[in-house]
Amino acid sequence: MSNILRQIELLFKRRSTPARPRRVRARRAAPRAAPRENDPFLYEVWVRLRREYFPDREDLDTYNVHWSPRRQKRVLASCNIRQRRVVVARELFEPTACKWIAAVLYHELCHAVIGEGVHLSGGKRQWHGAQFRELEALHPDIPALNSWIRSGGWAMAVRSNRTRTAWNSRRGAQVS
Ligand SMILES: [Zn+2]
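Note that the coordinates shown come from a computational prediction; the quantities given were computed from them, not determined experimentally.

Teacher, can you tell me more about the overall build of the chain here?
Within the chain one finds 6 helices and 5 strands. Put simply, the chain runs from its N terminus to its C terminus through helices and strands in the order α-α-β-β-β-α-β-β-α-α-α. With 176 residues in all, the chain has 24% of them scored as buried. The contacts in the chain between residues at least 6 apart in sequence include a share of 58% that link residues at least 24 apart.

Quick look at the structure:
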């Protein structure tokens, strides 16, 4: 596991900023926005995890994995099974947070593996039921990720991302 973490760090260093989402101008009666392209970095991590943990689930390589087009404060990532799409909060692209990207993507990968065949409890789908927890536990970093979130690490990453982007835009304003 330390191996994949090191690889992620290397990948992270190779990129300076996450690709800015293309701004789609809202037109009247515009069709839904075109499917977002894979982020090469996130997609690479996704496929590596898939190969390592679910080697017989090549079908999950057709998922689309990208950064959130907007700021996200509460949700680190989400998985849309019908659209075969995983969105990762752009705030995770912070020096203090990037080491959790694999664990976060693994959590979403478990959703993709289980698909919609989740247990019902009181008419509600149990997305994080026993089967999910069992799969999730195969990844060694999940407990540490959860305690990082609980201890305020995520909230801090969100704040430092705000500060950094605000500072960058101020700097940009001075130049222009
Ligand atoms: Zn979940």
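Alright, that's what it looks like, and here's the rest.
Would you take a moment to explain the packing of helix H2 (residues 40-53) against helix H3 (residues 101-114) for this structure?
Packed helix pairs are specified by the crossing angle of their axes together with the interaxial distance, meaning the distance between the axes. Contact pair H2 / H3: the axes reach a minimum separation of 10 Å and the direction vectors enclose 65 degrees. Crossing geometry of H2 relative to H3 is assigned as right-handed. The segment H2 lies against H3, with Leu 42, Val 45, Trp 46, Leu 49 and Arg 50 engaging Ile 101, Ala 102, Leu 105, Tyr 106 and Leu 109.

Teacher, can you tell me more about the pairing of strand E3 (residues 85-88) here?
Bridge count for strand E1 (residues 64-67) against E3 is 4 bridges, and the pairing is parallel. In the strand pairing of E3, Asn 64 is matched with Arg 85. Pairing of strand E2 (residues 77-80) with E3 involves 4 bridges; the strand directions are antiparallel. Paired with Ser 78 across the strands is Val 87, a residue of E3. Counting the residues in the hairpin turn of E2 and E3 gives 4 residues, including Arg 84, whose phi is positive at 50 degrees.

What's the story with H3 in this structure? I'm lost.
Note: α-helices contain 3.6 residues per turn, so residues at a spacing of three or four share the same orientation. Taking 1.5 Å per residue as the helical rise, H3 with its 14 residues ought to reach 20 Å, and the 20 Å between its terminal C-alpha atoms agrees with that figure. Among the 14 residues in H3, 12 count as buried, and that is most of the element. Within H3, the full set of buried residues consists of Ile 101, Ala 102, Ala 103, Val 104, Leu 105, Tyr 106, His 107, Glu 108, Leu 109, Cys 110, His 111 and Ala 112.

Definitions and cut-offs
Residues numbered from 1 in each chain as written. Predicted model: local features only at pLDDT ≥ 70, side-chain atom pairs only at ≥ 80, totals over all residues. Helix = DSSP H or I, 4+ residues; strand = E, 2+ residues; numbered from the N terminus. Buried ≥ 20, exposed ≤ 12 C-beta atoms within 10 Å, placed from the backbone. Contact = placed C-beta atoms within 7 Å. Axes fitted to C-alpha atoms, helices over the stretch in contact; angles between N-to-C directions. Left-handed = near helix turned anticlockwise from the far one by under 90°. Pairing = 2+ DSSP bridges. Expected span 1.5 Å × (residues − 1).

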